[in-house]
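Examining the three-dimensional arrangement
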Amino acid sequence: MKGKMAIIGDGDSVLIFKAVGVNAFSVNENSDVKSLIKDLSKEYQIIFITDNIAQKNKEIINEYLASTYPIIIPVPSKEGSNGFGMEELKYSMEKALGIDIFQNEEN
């Protein structure tokens, strides 16, 4: 499992990751992402997931927050960011540090 990375997202959004050697898993709105994440968590240390898919599957992603691995990282899809990934990062940083280090980003 050393250093294995995967990406979950729509076909076009995962292509760039696939080009650099990340194992890509294309899904659509009808895909069972919850089962896919559970399966991938047995083999991969880092799982990137497009933020539109991550937002719809927040419950399963939250199950892995306390685990060392896998690290699940929301990334923008081909349509761009919907803000979900940044909100999750902001929440995690504030929880870890006790302050909002992104507070000036909005100004």
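The structure we're discussing is the one just above.
Here is a short report on the structure shown in this document. (Residues numbered from 1 in each chain as written. Predicted model: local features only at pLDDT ≥ 70, side-chain atom pairs only at ≥ 80, totals over all residues. Heavy atoms only, no water.)

Description of the overall build of the chain
Scanning the chain from terminus to terminus reveals five helices and four strands. The order of α-helices and β-strands along the chain, N terminus first, is β-α-β-α-β-α-α-β-α. For the chain, restricting intrachain contacts to residue pairs at least 6 apart in sequence, the fraction spanning at least 24 positions comes to 59%. Here the chain has roughly 6,900 Å² of accessible surface; of this, 51% comes from carbon and sulfur atoms. (Helix = DSSP H or I, 4+ residues; strand = E, 2+ residues; numbered from the N terminus. Contact = heavy atoms within 4.5 Å. Areas by Shrake-Rupley, 256 points an atom, 1.4 Å probe, with all protein chains shown as cover.)

Some points on unusual backbone geometry
For the bond from Tyr69 to Pro70, the omega torsion is 0 degrees, close enough to zero to count as cis. Structurally, Pro70 is set in the loop between helix H4 (58-62) and strand E4 (71-75).

Looking at the packing of aromatic side chains
Applying the stated criterion to the full structure yields two aromatic pairs. When the centroid spacing of 5.3 Å and the interplanar angle of 40 degrees are considered together, the rings of Phe17 and Phe48 count as tilted. Placement of the pair is Phe17 in helix H1 (residues 11-19) and Phe48 in strand E3 (residues 46-50), with a sequence separation of 31 residues. Ring plane angle 80 degrees and centroid distance 6.1 Å describe the contact between Phe25 and Tyr44, whose orientation is recorded as edge-to-face. Highlighted residues: Phe25 in strand E2 (residues 23-26) and Tyr44 in the loop between helix H2 (33-40) and E3, separated in sequence by 19 residues. Classification of Phe25 by relative accessible area gives partly exposed; the value is 25%. The ring of Tyr44 has Lys4 sitting right over it, with the charged end atom 4.9 Å from the ring centre. (Phe/Tyr/Trp six-rings, centres within 6.5 Å; stacked < 30°, edge-to-face > 60°. Buried < 20%, exposed > 50% of the residue type's maximum accessible area, 1.4 Å probe, protein only. Lys NZ or Arg CZ within 6 Å of the ring centre and 35° of its normal.)

Topic: the sheet that holds E3
On the basis of which strands lie adjacent, the open sheet formed by four strands has the order E2-E1-E3-E4 and parallel pairing. Two strands bound the open sheet, and with one partner strand each, they are E2 and E4. Going from strand to strand, the sheet's axes swing by 20 degrees on average, the running direction of each strand aside. Bridge analysis of strand E1 (residues 5-9) against E2 gives four bridges, and the strand direction is parallel. Paired with Ile8 across the bridge in E2 is Phe25. Across the sheet, H1 touches E1, E2, E3 and E4, and the angle it forms with E1 is around 160 degrees. (Pairing = 2+ DSSP bridges. Axes fitted to C-alpha atoms, helices over the stretch in contact; angles between N-to-C directions.)

Observations regarding the environment of Gly11
Considering the arrangement of structural elements, one finds Gly11 in helix H1. Look at Gly11 and you get partly exposed, because its relative accessible area is 31%. Spatially, the C-alpha atom of Gly11 lies 8.4 Å from that of Asn28, the residues being 17 residues apart in sequence.

Quick word on the nonpolar core
One recurring pattern in soluble globular proteins: nonpolar side chains tend to sit buried together. The biggest cluster of nonpolar side chains holds 17 residues, and the ones touching the most others in it are Ile8, Ile37, Leu40, Ile49, Ile61 and Ile72. At the level of elements, E1, H2, E3, helix H3 (51-56) and H4 are the ones that each hand at least two residues to this core. At four residues, H2 tops the list of elements feeding residues into this core. Once residues within four sequence positions are removed from consideration, Leu40 is found in contact with Ala6, Ile8, Phe25 and Ile47. In this structure, Ile7, Val14, Phe17 and Val22 belong to the second largest nonpolar core, which totals six residues. (Core = buried A, V, L, I, M, F, W, Y, C linked by side-chain atoms within 4.5 Å.)

Everything listed here is a matter of coordinates, which is why it stays silent on function.
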